[in-house]
Amino acid sequence: MTRLDASRRQSALDRLNAHAPFLARLAVINPDDVECFLNDGTDVALAAVAPPATGDDIMRSLRQWRGRLALLFALGDLSGEHDVATTTRLLTKFADQACDAALAAAFAERVPDEEPRGLAVIALGKLGSHELNYSSDIDPILIFDPDTLPRRSRDDPGEAAVRIGRRMTEILSARTGDGHVLRVDLRLRPHPEVTPIVLPVDAAISYYESEALAWEQAAFIRSRASAGDRTLGDQFLSAIQPFIWRRSLDFRQLKEIGAMSDRIRDHFAQGQAFGPGFDLKRGRGGIREIEFFAQVHQLIYGGRDPSLRVPATVDALAALAAAGRIEADDATRLSGHYATLRRIEHRLQMIEDQQTHCLPTQEGALDCVARLDGEPDGAALLAALAPVVADVGSCYDRLVAERAVTTGLPRDEDALAAQLAASGFDPPAAALRTIAEWRGGKLRALRSPAALDALETMLPELVKAIGAAPDPDATLTRFDKLVAGLPSAINFFHLLGAQPALARIAMRILSLAPTLADALGARVELIEGLIDQRAFEAPANREQLLAEWEPGLAALDYERLLDRVRDHVGERRFAYGVQLIAGSTDPLVVACGYSELAEAALTVLADATVAEFVAAHGRIPDSELVVLALGRLGGRALTHASDLDLIYLFTGDHLAESDGPRPLGATTYYNRLAQRVTGAMSVPTAAGKLYDVDTRLRPQGAQGPLVVTLDSFERYQREEAWTWEHMALLRARPVYGSDKARGEVDRIIAELLTIPRDPAKLVADAAAMRSKIAVHKPANGALDIKGGPGGLVDLEFAMQVTQLDSGQCHDPNIAAALACMKAAGLVPAEVIEAHGLLARMLVMLRLTAPEGEPPTAAARQLVASQCGEPGWPQLLAAHDGARQEIANWWGSIRPEKENET
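Residues numbered from 1 in each chain as written. Predicted model: local features only at pLDDT ≥ 70, side-chain atom pairs only at ≥ 80, totals over all residues. Heavy atoms only, no water.

Participant: Residue-level account of the overall build of the protein chain, with values.
Facilitator: Broken down by element type, the protein chain carries 40 helices and 11 strands. Taking the principal axes of its C-alpha atoms as reference, the protein chain extends roughly 110 × 80 × 65 Å. Here the protein chain holds 901 residues, and 56% of them are scored as buried. For the protein chain, the proportion of contacts with a sequence separation of at least 24, taken over those separated by at least 6, is 73%. (Helix = DSSP H or I, 4+ residues; strand = E, 2+ residues; numbered from the N terminus. Buried < 20%, exposed > 50% of the residue type's maximum accessible area, 1.4 Å probe, protein only. Contact = heavy atoms within 4.5 Å.)

Structure below.
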């Protein structure tokens, strides 16, 4: 022990004796603990304090144990050997152990021959987050399982559970000559005025799934199974995770959670002003506002980001900062402020073991608190706290301001018309009629008082956003149509009112992108994903997506996983489309992002489907499924609505048999497995549709088996395949299977593509196939970017003939292959630029004009800008020039007879 250690320990004891009567009495009662602390420190002293033994007088032994720990916890805190986080964690550990001991004693009194089981303590609040105060009550919820709870033969399960719960509470809370153990408050359970103190687990789950209030969702952020039957408690919490962490955030609840803080400020107004009497917990800039600051952000983002689901306040702030949800500097400052405020709160409670949070109003009492903390007097303590409280209040006020509601629109028709005209509606007549119809409850979603209230809250921001859209009247019409299709618009309206930036994005979607507008109409909650600014970052690759999804998918059953993957893909695809509408990302980058997204979805769903299939049928020894992507997926260039061209293959012996409970021959095994993978990727579920899957490019097309061995695939391609099938392989790459299997597929394709060919036959075969396509799938208007003379199909035919003839540049990605061909002198330089322009146009037009018609006047400028042109006329001119370059190149390759035709 150093002199400094000795000095700090003695100072802690001296301050305790001088300023904390409750602790001074404990020091007199427990001199050996004090001596051990002074000589060996807090941790050694604590290690010498054993919990009560079985058979002890539980009422007395628990209280004496608590007194010894309370003394040592305080000495560790006052001496600086334990920081606030350590102290609160130790206090929480004691509470857990005390609850277990009291519950065991209650069981032993009623069913002495049974082990405690079937009754769980669910910790909420600071007990749930391991952040208990020095003199805190605990707020648990008690649940029981009627099927496993031990009871006397004539006891009703519910009555037995209540008796055990009541006895546990009495053991902990009753005040005797030795004091109490813990104050227990059971009023956080559902409807405490009418429900028993211990709830059946199924009834509790049903309540939280269907009836729970906003504050209850917030409370369960800091929940855990803390005592009793922890397995039962964990099962209960797992069942209600969708209630706690909602992927689709209810902004009515968020608004109510914010209002809770306002009511607390109002109710405890006398403790709001900083100074003597200030309420450290509920005052402006106090502990509660730091906790609410963290919890509101967790509620907004935690449903989609499992890394934010941490109960402790400081840990939550750190997680929010690490995820980029709040500023790192805010998290650091608030964490430091939290420790300061909690430390002074502990000093208040150490004095007489009272659950108080208010600084004393009397000068002498305030000086006492200050000196216990090591400050010279109350004035010095206030001076130290003042900047802390001011900064916390400022941070929370900014959060409150972000959800502030603007003044509603006028109801007077003339005044409303003037405001609409000023917002961009010229003339305002159509908007006046629509708003009047909304206010009159014409739409199903607007027939309740709550819906009309949400409408009025949102209208000012909505009018601003629609008025700023390129075509306000058309956008208003589409918004009206969207709302007409909703069963309820309350949460949607609250969201738009609370997030003006999202309202502007939503109106831009309705104005410019019918594809996204349809998606939004089908799943209005898609707009919530845009709250996260990461939705506007560069598209993620397959590995990043898999890492992001894995925590939320690991525990799901197969059916729920199908839905969740559809949710993930729908949200990402929507966000990528919004990036295009915002003009923030190159369409070719987004096309690659669409492809990585599809590949990630295929990986997850194929893995899950294989696992399900193996459980029923086992595995084929030394064999596996391989998926080969072709077309736009193979070339990493999907559009928003592209289908997936896939070929299924398998390795190993086709005569082998699976080793499971229901064995299958290899060919049957993999054909059934591939059908299920296709279904997993394409069948609509409750979460909607994922992708259309096209398997017709497999050997022998639709007439052939769905899956063949690698050997059969190679043999077919060498001996039977048409020229166009080898052309298709130029955009093929394996997207599922082990590295070894993928490598073997790559080898086969590379060898096939470098087979020497008769140039004349190659050109003639390609030209004949191109002519068939032109007949069976003619161009759909002048803006059919793929079809027609000089379109992308012509470009692919020209480059594929050149690639097969030269044996070079076999990259599946067209842009990469063209760059290679340019370097080798195999393609005119002008074709590179032509491809870039048409590829970007294709991506943009699939979003803004999905039916092949020209985009609306409002969307034309967006398409032009995303394609690098100043306006629509210039884009059309560039488009015509690009087609001519491609047509010239294809014309220089195909036979003279074809050219004449």
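Next comes the rest of the description.
Participant: Give a description of the pattern of salt bridges that names residues and reports values.
Facilitator: Under the defined criterion, the tally for this structure stands at 50 salt bridges. A salt bridge links Arg 9 to Glu 81; its shortest N-O distance comes to 2.6 Å. Taken together, the residues Arg 9 in helix H1 (residues 3-19) and Glu 81 in the loop between helix H5 (58-79) and helix H6 (84-110) connect sequence positions 72 residues apart. Arg 222 serves as the salt-bridge partner of Glu 291, at 3.6 Å between the closest nitrogen and oxygen. Of this pair, Glu 291 sits in helix H14 (residues 287-301) while Arg 222 sits in the loop between helix H10 (214-219) and strand S6 (224-228), and the two are 69 residues apart along the sequence. Looking at Glu 291, the relative accessible area reads 1%, which means it is buried. Each of Lys 126, Glu 131, Arg 222, Arg 288 and Glu 291 takes part in a single network of salt bridges with overlapping partners. (Salt bridge = Lys/Arg side-chain N within 4 Å of Asp/Glu carboxyl O.)

Participant: Help me get a handle on the state of the cysteines, residues and values and all.
Facilitator: Counted according to the given criterion, the structure contains one disulfide. Across a sulfur-sulfur distance of 2.1 Å, Cys 809 and Cys 820 are joined as a disulfide pair. Across the S-S bond linking Cys 809 and Cys 820, the dihedral sits near -70°, which makes this disulfide left-handed. Placement of Cys 809 in the loop between helix H35 (792-806) and helix H36 (814-823) and of Cys 820 in helix H36 is noted, with a sequence separation of 11 residues between them. Note on Cys 809: relative accessible area 10%, which makes it buried. Of all cysteine sulfurs, the one in Cys 867 lies closest to Cys 592, which takes part in no disulfide; the gap is 18 Å. A residue is classified by how much of its surface remains accessible, and Cys 592, at 29% relative accessible area, is partly exposed. (Disulfide = S-S within 2.5 Å.)

Participant: Account for the packing of aromatic side chains, with residues named and values stated.
Facilitator: Inspection of the entire model under this criterion finds 17 aromatic pairs. Look at Phe 220 and Phe 236: their rings are 6.4 Å apart centre to centre, the planes differ by 65°, and that puts the pair in the edge-to-face class. Residue Phe 220 is located in the loop between H10 and S6, and its partner Phe 236 is located in helix H11 (residues 230-239); the two are separated by 16 residues in the primary sequence. A relative accessible area of 2% places Phe 220 in the buried class. (Phe/Tyr/Trp six-rings, centres within 6.5 Å; stacked < 30°, edge-to-face > 60°.)

Participant: Lay out helix H15 (residues 313-322) in plain terms, naming residues and giving numbers.
Facilitator: When H15 is considered as a whole, its buried residues turn out to be Thr 313, Ala 316, Leu 317, Ala 319, Leu 320 and Ala 321. One or two residues past the end of H15 sits Gly 324, with phi positive at roughly 80°.

Participant: Outline the packing of H35 against H36, listing residues and values.
Facilitator: The description of two packed helices rests on the angle between their axes and on the distance between the axes. As a packed pair, H35 and H36 sit with axes 11 Å apart at the nearest point and diverge in direction by 50°. By the angle between their axes, H35 is oblique relative to H36. Crossing handedness for the pair H35 and H36: left-handed. Facing H35, whose interface residues are Leu 795, Glu 796, Met 799, Thr 802 and Gln 803, H36 presents Ile 814, Ala 817, Leu 818 and Met 821. Each residue belonging to the contact of H35 with H36 can be placed in one class, and the counts come to six nonpolar, two polar and one charged. (Axes fitted to C-alpha atoms, helices over the stretch in contact; angles between N-to-C directions. Parallel < 35°, antiparallel > 145°, perpendicular 65-115°, else oblique. Left-handed = near helix turned anticlockwise from the far one by under 90°. Nonpolar A, V, L, I, M, F, W, Y, C, P; charged D, E, K, R; others polar.)

Participant: If you had to explain the nonpolar core to someone new, which residues and values would you point to?
Facilitator: One recurring pattern in soluble globular proteins: nonpolar side chains tend to sit buried together. Counting residues in hydrophobic clusters, the biggest one holds 271 residues, and the most contacted among them are Leu 172, Trp 438, Phe 479 and Phe 493. In terms of residue count, the dominant contributor to this core is helix H28 (residues 587-617) (15 residues). Among all residues touching Trp 438, those that are not within four sequence positions of it are Leu 443, Leu 446, Leu 452, Leu 455, Leu 459, Leu 462, Leu 476, Phe 479 and Asp 480. (Core = buried A, V, L, I, M, F, W, Y, C linked by side-chain atoms within 4.5 Å.)

Participant: Explain the pairing of strand S1 (residues 119-123) to me, and be specific about the residues and the numbers.
Facilitator: As a general feature of sheets, a regular strand has side chains that alternate between the two faces. Along S1, five of the five residues are buried, which leaves the element largely enclosed by surrounding structure. Judged from the four bridges that link them, S1 and strand S3 (residues 141-144) form a sheet pairing that is antiparallel. Residue pairing in the sheet places Ala 120 in a bridge with Ile 143 of S3. Looking at chain direction, S1 and S6 are connected through four bridges and run antiparallel. Within the sheet, the bridge partner assigned to Val 121 lies in S6 and is Ala 227. (Pairing = 2+ DSSP bridges.)

Participant: Tell me what's going on with the sheet that holds S1, and back it up with residues and numbers.
Facilitator: Two modes of strand pairing occur in sheets, parallel and antiparallel, and in both the strands are linked by backbone hydrogen bonds. Overall, mixed pairing links the four strands, which are arranged S5-S3-S1-S6 in an open sheet. Both outer strands of the open sheet, strand S5 (198-200) and S6, are each paired with one neighbouring strand and no more. Averaged over neighbouring strand pairs, the angle between their axes works out to 40° when direction is ignored. Packed on one face of the sheet, helix H8 (residues 157-173) meets S1, S3 and S5 and runs near 145° to S3. Against the sheet, H11 contacts S1, S3 and S6, and its axis sits at roughly 155° relative to S6.

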